[in-house]
Amino acid sequence: MAIFVFADQQKGAFKKASFETLYYASQLAKQQQQEVVAVVMGEMNSATSLQDLGRYGARRVLHVDGNWLNDFDARLYARILKQILNQQEASLCVLPHDFNGRALAPYLAAQWGATLLTGVTSLPDAQGCFQKQVFSGKAIAWIKPNAARQVITLLPNTFTPQPADQQAEVAQWQPLQEEAQQRRIRVKEVQTTQGRVPLSEASIIVSGGRGLKGPENWGMIEQLADVLGAATACSRPVADAGWRPHHEHVGQTGLTVRPNLYIAIGISGAIQHLAGVNGSKYIVVINKDPEAPFFQAADYGIVGDAFEVVPRLIEAIKKYKGIS
Amino acid sequence: MKILVCISKTADTTAKIAFTPDQKSFLETGVQFIINPYDEWYALVRAVELKEQYPDTVLHLITVGGADTEPILRKALAIGGDAAFRVDLQPISIEQVAISIAAHVRDQGYDLIFTGKETIDYNGSGVGGYLAGLLDWPFISLATHFSYDGNIAVVEREIEGGRETDEAPLPLVVSCQKGIAEQRIPNMRGIMTAKSKPLQVLEAPQEARQPLLQIDHFALPPKKSGVHLIEPGNEAELVRLLHEEAKVI
Ligand SMILES: Cc1cc2nc3c(=O)[nH]c(=O)nc-3n(C[C@H](O)[C@H](O)[C@H](O)COP(=O)(O)OP(=O)(O)OC[C@H]3O[C@@H](n4cnc5c(N)ncnc54)[C@H](O)[C@@H]3O)c2cc1C
Ligand SMILES: Nc1ncnc2c1ncn2[C@@H]1O[C@H](COP(=O)(O)O)[C@@H](O)[C@H]1O
């Protein structure tokens, strides 16, 4: 028996969450004495090696090649994955809980007749329970799937892959010819921001709130992000006011992030904001009000005026990194 | 056009999260319940806008829940919608909700189903996709824009570090998030008319009654040990701590 992992790609390269999911599945496989099979859809770019998925724990890779699979379509991908899972007599498929994974996993579970457990953050314990954040990170639930077939999604940034010196066996998998007619979604356009790390994949995030007074003051936020190799984010009123693009809004009604380091500048720390960031491993708060609720959720803090603290922090980081 | 919007009931965003002493269930005392924000602000409002654009549209709302969800449905009806349905079941899993809704959809002839991005209590992010999978309809998740020209839907969705624009035929299931619409406050007329709109209770289908998972227990996350404050002016010390203690830079 094997654990199947959907290793998702964007423009022919694997996403960070795909490596994390493979690594997670390999830990799960160790527990259950199984092996991991990665399923890859679409054409990969020349710099990407499928054998290298072995480094993250895949024993075998099934590649469903062809340009007709380059663009995501939950229904089409689920149909093909289901054929593979059935043919290989699988009982468990793990996917990243990212943008595509959150569409594909439930679609697949429905078509394959599986139970669905989304956004898990742990391996199963002795009772077979997986941990999952609920109430937007304000609590944790221990959940036990109760079905022969299971689809599980792993919350990004929970497991850090430890690559090993191994290669995977790669095989092509040929879907039925008529599947190409099953595409319902035509992808017209893909726009990704160049340069900066995507917020959902960032291990460091620099985030600004209403305390920064206006969009003209975001220069120092971007500079701080640049010296740290971080992504930028913001609180909801900042996005609502149009100071920053909507996709930067984190919190209960925006994006949920779990970076290693979240630096909150001029953000009060309202419960709805915290809901989107309290899974971060470390939180730094810079706020001029010592009573700001965010300090209670912080690991490190500076009570001070952002317009003075941030430029000094940028200098200190440059010095530490040896950048002048 | 005929549209269905899936409405769920959740604890208010500021609710204090606590559990019964055996850690088995959420403590509801003193908690205020609201329409899940993604369902209310985005899915429902966008559907109401489509009805304004195409006045012959029939707009239905559905929830899977006990009688305690009816005030939430009425509130949703006050924002818009012609009729509401409640499938009488207390679900604990994604598939129970999706199977219940799918059973209703099959004989209704909907063209479009909107769900929210996720419920803010269970954070499943699964009902829309599971429902689409049961119906074998195309599904677009995490939509930030939706338009329909009478023939084809154009949907913008969020992806890693950007956006993707998709075209899809109807029938279609879409999960909605911020960007797709702006929050609306129900007006007095909406609240008054909502009282007399039909709300039908449906029996839960047999296949939905047993969850395929079990919630063993809940816990609050471990408390932070307290903030370590650094004097302004001493930013170099913060950098040192982030490097040596937290090991994050
Ligand atoms: C249902 C619901 C959902 C919501 N969802 C979200 C969500 O997803 N995300 C979200 O962020 N919010 C959300 N909110 C809004 C949330 O309640 C807060 O209103 C919001 O987070 C506040 O944003 P802020 O901290 O940027 O602004 P403010 O609350 O105005 O705080 C500004 C902070 O900046 C500090 N400050 C001012 N000047 C300086 C200076 N010179 N230097 C340093 N610090 C300074 C102030 O002390 C203050 O703490 C939601 C609200 C509701 C009701
Ligand atoms: N009990 C329910 N009744 C009706 N719709 C629901 C219910 N639970 C979830 N939904 C819908 O499915 C979306 C995603 O929910 P979830 O998959 O539970 O995060 C929600 O935003 C609702 O639109």
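For the structure itself, consult the block above.
Quick caveat: nothing in here was measured; it's all calculated off a predicted structure.

A. The arrangement of the nonpolar core in detail. Counting residues in hydrophobic clusters, the biggest one holds 102 residues, and the most contacted among them are A:F4, A:L53, A:V151, B:I101 and B:I113. In this view, B:I113 contacts B:L4, B:C6, B:V105, B:L131, B:L135, B:W137, B:L172, B:V173 and B:V174; residues no more than four positions away in its chain are not counted.

B. Structural view of the site of ligand 1. Taken together, 28 residues surround ligand 1, and among them A:S235, A:S268, A:Q272, A:H273 and A:N287 come closest. One finds residues of chains A and B in close proximity to ligand 1. At a separation of 2.9 Å, an oxygen atom of ligand 1 approaches a polar side-chain atom of A:H249. For ligand 1, a nitrogen atom lies 2.8 Å from a polar atom in the side chain of A:T253. Relative to its unbound accessible surface of 980 Å², ligand 1 loses 81% to contact with the protein. Those elements giving two or more residues to the shell around ligand 1 turn out to be α5 (236-240), α6 (271-277) and α7 (306-321) of chain A. Its residues assigned to classes, the shell around ligand 1 shows seven nonpolar, 15 polar and six charged.

C. Expanded view of helix α6 (residues 235-244) of chain B. Inspection of α6(B) places B:E235, B:L238, B:V239, B:L241 and B:L242 among the buried residues, and these make up the whole buried set. For α6(B), the arc enclosing every buried residue in end-on projection is 160°, short of the 170-degree limit, so these residues lie on one face. Buried residues along α6(B) sit against β15 (261-265), β16 (282-287), β17 (300-303) and α7 of chain A together with β13 (228-229) of chain B.

D. Structural view of the sheet that holds strand β1 (residues 2-6) of chain B. If you trace the 10 strands from one edge of the open sheet to the other, you get β12(A)-β9(B)-β8(B)-β7(B)-β10(B)-β6(B)-β1(B)-β4(B)-β5(B)-β11(B), paired in mixed fashion. Unpaired on one side and paired on the other, β12 (186-192) of chain A together with β11 (199-203) of chain B mark the two borders of the sheet. Averaged over neighbouring strand pairs, the angle between their axes works out to 30° when direction is ignored. Bridge count between strand β7 (residues 139-148) of chain B and strand β10 (residues 172-176) of chain B: three bridges; the pairing is parallel. Bridging from a neighbouring strand, B:I140 pairs with B:V174 of β10(B). Together, β4 (58-65), β5 (83-88) and β11 of chain B form the strand contacts of helix α2 (residues 70-79) of chain B, whose direction differs from that of β5(B) by roughly 160°. The strands touched by helix α3 (residues 94-105) of chain B within the sheet are β1, β4, β5, β6 (112-116) and β11 of chain B, with β4(B) carrying the most contacts at an inclination of about 145°.

E. Looking closely at the packing of α3(B) against helix α4 (residues 127-135) of chain B. All names here are of chain B. Here α3 crosses α4 at 45°, and the two axes come no closer than 9 Å. The angle between α3 and α4 falls in the class oblique. At the point where α3 passes α4, the crossing takes the right-handed sense. Residues I94, E95, V97, A98, I99, I101, A102 and V105 of α3 pack against V127, Y130, L131, L134 and L135 of α4. Among the residues making up the contact of α3 with α4, the classes are represented as 12 nonpolar, no polar and one charged.

F. Just the site of ligand 2, in detail. Residues and elements named next belong to chain B. Among the 19 residues in the neighbourhood of ligand 2, the closest are listed as C6, D39, T119, S125 and G126. A distance of 2.8 Å separates an oxygen atom of ligand 2 from a polar backbone atom of T119. For ligand 2, the protein covers 94% of the area, taking 480 Å² as the surface of the free molecule. Counting residues per element, the ones that place at least two in the shell around ligand 2 are β4, α3 and β6. If you tally residues by element for the shell around ligand 2, the top one is β4, at three residues. Of the residues assigned to the shell around ligand 2, the class counts are eight nonpolar, nine polar and two charged.

Procedures and definitions
Along every chain, residues carry numbers that run from 1 in the direction the sequence is written. To read the labels, note that chains go from A and ligands from 1, taken in the order they are written. pLDDT decides what is reported in this predicted model: residues at 70 or higher carry local features, side-chain atom pairs at 80 or more are listed and counted, and totals for whole chains, interfaces and linings draw on all residues regardless. Side-chain calculation: all heavy atoms of the structure are included, whereas hydrogens and water are not. As used here, the term nonpolar core means buried Ala, Val, Leu, Ile, Met, Phe, Trp, Tyr and Cys residues forming a set that is joined through side-chain atoms within 4.5 Å. Note on exposure labels: buried denotes an accessible area under 20% of the residue type's maximum, exposed denotes more than 50%, and partly exposed covers the range between, all computed with a 1.4 Å probe on protein chains only. In this description, contact between two residues means that some pair of their heavy atoms is separated by no more than 4.5 Å. Neighbouring residues are identified by heavy atoms, a residue being near a molecule or strand if any of them is within 4 Å of it. A 3.5 Å cut-off defines polar contacts: any pair of N or O atoms within that distance qualifies, except that in protein one atom must be a possible hydrogen donor and the other a possible acceptor, and neighbouring residues in sequence count only when both atoms are side-chain atoms. Residue exposure ignores everything except the shown protein chains as possible cover, and the areas themselves are Shrake-Rupley values with a 1.4 Å probe. Where helices and strands are cited, they refer to DSSP runs of H or I of at least four residues and of E of at least two residues respectively, numbered from the N terminus. Gly counts as polar in this scheme, as do all residues outside two lists: the nonpolar Ala, Val, Leu, Ile, Met, Phe, Trp, Tyr, Cys and Pro, and the charged Asp, Glu, Lys and Arg. This arc describes the spread of directions from the helix axis toward the C-beta atoms. A strand pair is defined by DSSP finding two or more bridges across the two strands. To get an axis, fit a line to the C-alpha atoms, keeping to the stretch in contact for a helix; angles then go from 0 to 180 degrees between the N-to-C directions. Roughly parallel here means an angle under 35 degrees, roughly antiparallel means over 145, roughly perpendicular means 65 to 115, and every remaining angle is called oblique. Should the near helix be turned anticlockwise from the far one by less than a right angle, the crossing is left-handed, and should it be turned clockwise, the crossing is right-handed.

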